[in-house]
Amino acid sequence: MAEKEEVKLLGIWASPFSVRIEMALKLKGVPYEYVEEILEKKSPLLLALNPIHKKIPVLVHNGKTILESQVILEYIDETWKHNPLLPQDPYDRSKARFLAKLVDEQIITAGFVSMARADEKGREVLAEQTRELIMNLEKELVGKDFFGGKTVGFLDLVAGSVIPFCLERGWEGIGLEVISEEKFPEYTRWVKNLEKVEFVKDCIPPKEEHVEHMNHMGERIRSA
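Okay, so let's go over this structure. (Residues numbered from 1 in each chain as written. Predicted model: local features only at pLDDT ≥ 70, side-chain atom pairs only at ≥ 80, totals over all residues. Heavy atoms only, no water.)

## Re the sheet that holds strand β1 (residues 7–11)
For the record, the criterion: Strands are labelled as partners when DSSP assigns at least two bridges between them. Secondary structure elements follow DSSP: runs of H or I no shorter than four residues count as helices, runs of E no shorter than two count as strands, and numbering proceeds from the N terminus. Whenever a helix is involved, its axis is fitted only over the stretch in contact; in every case the axis is a line through C-alpha atoms, and angles between N-to-C directions fall within 0 to 180 degrees. The contact rule is simple, with two residues in contact once any of their heavy atoms fall within 4.5 Å.
The sheet built from four strands is open, its strands ordered β2-β1-β3-β4 with mixed pairing. The strands lining the two open edges of the sheet, one partner per strand, are β2 (33–36) and β4 (64–67). Neighbour to neighbour, the strand axes of the sheet diverge by 20° on average, direction disregarded. Here helix α1 (residues 16–28) sits on the sheet in contact with β1, β2 and β3 (58–61), set at roughly 155° to β1. Against the sheet, helix α3 (residues 69–79) engages β3 and β4, with an angle of about 130° to β4.

## Details of the nonpolar core
Spelled out, the test is: As used here, the term nonpolar core means buried Ala, Val, Leu, Ile, Met, Phe, Trp, Tyr and Cys residues forming a set that is joined through side-chain atoms within 4.5 Å. Categorising residues by exposure relies on relative accessible area from a 1.4 Å probe, with only protein chains included: less than 20% of the type maximum marks a residue as buried, more than 50% marks it as exposed, and the intermediate range marks it as partly exposed.
The biggest cluster of nonpolar side chains holds 65 residues, and the ones touching the most others in it are I107, I163 and W190. The next biggest cluster of nonpolar side chains, apart from the first, holds seven residues, and it includes V35, L46, I56 and V60.

## Thoughts on unusual backbone geometry
Each neighbour pair has its own omega, and for I56 with P57 the value is 0°, a cis peptide bond. Position of P57 among the secondary structure elements: in the loop between α2 (44–49) and β3. Notably, N62 is not glycine yet its phi reads approximately 50°, a positive angle. By the secondary structure assignment, N62 is in the loop between β3 and β4. According to the relative accessible area criterion, N62 is partly exposed, its value standing at 40%. For E68, which is not a glycine, the phi torsion comes out positive at approximately 75°.

Pasting the structure below:
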């Protein structure tokens, strides 16, 4: 009889970076222990496991510590090979990784970090920059249910955890419409498809509390 694997995830309920890891583990059917961290008060366990960045998410698998959400997603995909996250084709795989970096680096920066610091006029400029960046994803979704084709994959988890289930809540909190169904019909259809997937639904943070959390995060950025 095989020994039971230790799989532990340190995360924060509202963080897209830990939400996407939960989605991946559920997609793979991997049982795991979840440890909720507190943003303002990092636990001794988190500081011991990630002494360099002192950030979530942290995945512990049989005593090994894996850090950084996209690295963790790839580790999960390579460790539990069923229900693959990344495309099999090398070109498609490279494109998924490139667009995932676009989400985590450029879309989050323009669509939340810089926006939180900007005045009303600056926010409109950043909203347009964000739309231009998201248009890259819109084009990629033409004729597909998900970025991965017929099934949820790597880019769906990265973009889904960030844009519809995090940034849009932040925009709602400041009364800003960045994405409309008219301009982004493929994106809108994709979000509706995601919301029908059981393991995705299970991981989406509750909306009202999340809008409040995003307001709080915006205030932290402004006062930093």
